[in-house]
Amino acid sequence: MSKRPIKLNVFLHEDLKGINEDLLHQDYFDWLADTVSRISGRTMDVNLIQPSDALTLSSFNYKSDNIERLMDKFQDALLTHLGNQDRTTYDASIDLYLLLTRDDINKTTLGVAQQPGVMGIASITSKLTASHEVGHMLNAAHEDSDENVSTYYGTYKSIMYKTARKSAFTFSKKNEENIRNYLNQYP
Ligand SMILES: [Zn+2]
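So, a few notes on the structure that sits alongside this text.

## Topic: the overall build of the chain
- Secondary structure summary: the chain contains five helices and seven strands in total.
- Along the chain, from the amino end to the carboxyl end, the secondary structure elements read β-α-β-α-α-β-β-β-α-β-β-α.
- By the compact-globule yardstick of 16 Å for 187 residues, the chain fits well, its C-alpha radius of gyration being 16 Å.
- Expressed as lengths along the three principal axes of its C-alpha atoms, the size of the chain is roughly 45 × 45 × 30 Å.
- Within the chain, buried positions represent 50% of all 187 residues.
- Of the contacts formed within the chain by residues at least 6 apart in sequence, a portion of 62% connects residues at least 24 apart.
- Counting every atom, the chain has about 9,700 Å² of accessible surface; 46% of that belongs to carbon and sulfur.
- Positive and negative charge centroids in the chain, built from 20 and 25 side chains respectively, lie 3 Å apart.

Here it is, written out as structure tokens:
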């Protein structure tokens, strides 16, 4: 039997209303889904959820200087949303929940996620933030990132590098291993 797919549920914040969803897929998620599939041997389905279909999350006030409190409040909002759905197929391990926002959380924070875990928030101000936060959810770590990834365009930091605004669209070998090992514990 093949492995269960990873489901990445992306809640579009109401401040993204009118955004081109084809471009969102293309610029933020297609690469990520392909890469995670290659690493883990299971497909990753990316599901964009309309603001009107998840009001508690699309209206969530994500701008904050207190990240810990923000994550507590986000968890409450997520559980409120999920509580309204059929939870019989809910599998916290590989059903991931990302709130996608137009703006950053604060001046220095573009995104945040559990490591590992199922929840995260990412802004669209960098094309790599969503991938970076999903990486955290799958147990990729800053300290295992790579400073010297060779690409066609030159040498870049890998995607989990903490402070890089411009990274290569690639995980380090160590983080690929972290992701693979993390996902291997699930059917
Ligand atoms: Zn990070």
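## Let's talk about the pairing of strand 5 (residues 119-123)
- Here strand 5 lies mainly inside the structure; five of its five residues are buried.
- Residue alternation in strand 5 divides its side chains into two sets, M119, I121 and S123 and G120 and A122, and both sets are buried.
- Alignment of strand 3 (residues 95-101) against strand 5, held across five bridges, turns out to be parallel. Across the sheet, the residue bridging to L98 is G120, located in strand 5.
- When strand 4 (residues 111-113) meets strand 5, the two strands line up antiparallel, connected through three bridges. In the strand pairing of strand 5, G111 is matched with A122.

## Details of the packing of helix 1 (residues 21-40) against helix 4 (residues 129-137)
- Here helix 1 crosses helix 4 at 35°, and the two axes come no closer than 9 Å. In this structure, helix 1 uses Y28, F29, W31 and L32 to contact helix 4, whose residues at the interface are A130, S131 and V134.
- For the contact of helix 1 with helix 4, the class distribution of residues is six nonpolar, one polar and no charged.

## As for helix 4
- Of all the nine residues making up helix 4, nine are buried; the element is thus mostly covered by neighbouring parts of the structure.
- Those residues of helix 4 not exposed but buried are T129, A130, S131, H132, E133, V134, G135, H136 and M137.
- Remark: N139 follows helix 4 within two positions and exhibits a positive phi of approximately 80°.

## Re the coordination of the zinc ion
- The protein atoms that coordinate the zinc ion are H132 (NE2), H136 (NE2) and H142 (NE2), at distances spanning 2.0 to 2.1 Å.
- Spacing between the donor residues of the zinc ion along the chain follows H-x3-H-x5-H.
- For H136, a relative accessible area of 6% gives the class buried.

Conventions used here
Counting starts from 1 at the beginning of each chain's written sequence and moves along it residue by residue. Where local features are concerned, this predicted model is filtered to residues with pLDDT of at least 70; where side-chain atom pairs are given and counted, the filter is 80 or more; whole-chain, interface and lining totals use all residues. Side-chain measures here rest on the full set of heavy atoms in the structure, leaving out hydrogens and waters. Secondary structure counts use DSSP, requiring at least four H or I residues in a row for a helix and at least two E residues in a row for a strand, with both numbered from the N terminus. This radius of gyration counts C-alpha atoms alone. The globule rule is 2.2 Å times how many residues there are, raised to the power 0.38. For each residue, the accessible area found with a 1.4 Å probe, counting protein chains only, is set against the maximum for its type, and the residue is called buried under 20%, exposed over 50%, and partly exposed in between. Contacts are residue-level and defined by heavy atoms, with any inter-residue pair within 4.5 Å sufficient. Using a 1.4 Å probe, accessible areas were evaluated by the Shrake-Rupley method; residue-level cover was limited to the displayed protein chains. Under the convention used here, Asp and Glu are negative, Lys and Arg are positive, and both His and the chain ends fall outside the count. To locate a charge, take atom NZ for lysine, CZ for arginine, CG for aspartate or CD for glutamate. Here, a strand pair is defined by DSSP locating no fewer than two bridges between the strands. An axis is simply a line fitted to the C-alpha atoms; with a helix, the fit covers only the stretch in contact. Between two such axes, the angle follows the N-to-C directions and lies from 0 to 180 degrees. Throughout, the ten residues Ala, Val, Leu, Ile, Met, Phe, Trp, Tyr, Cys and Pro are labelled nonpolar, Asp, Glu, Lys and Arg are labelled charged, and all others, Gly among them, are labelled polar. Listed donors are limited to N, O and S atoms within 2.8 Å of the metal, widened to 3.2 Å for Na, K and Ca; water is not among them, so incomplete-looking sites are possible.

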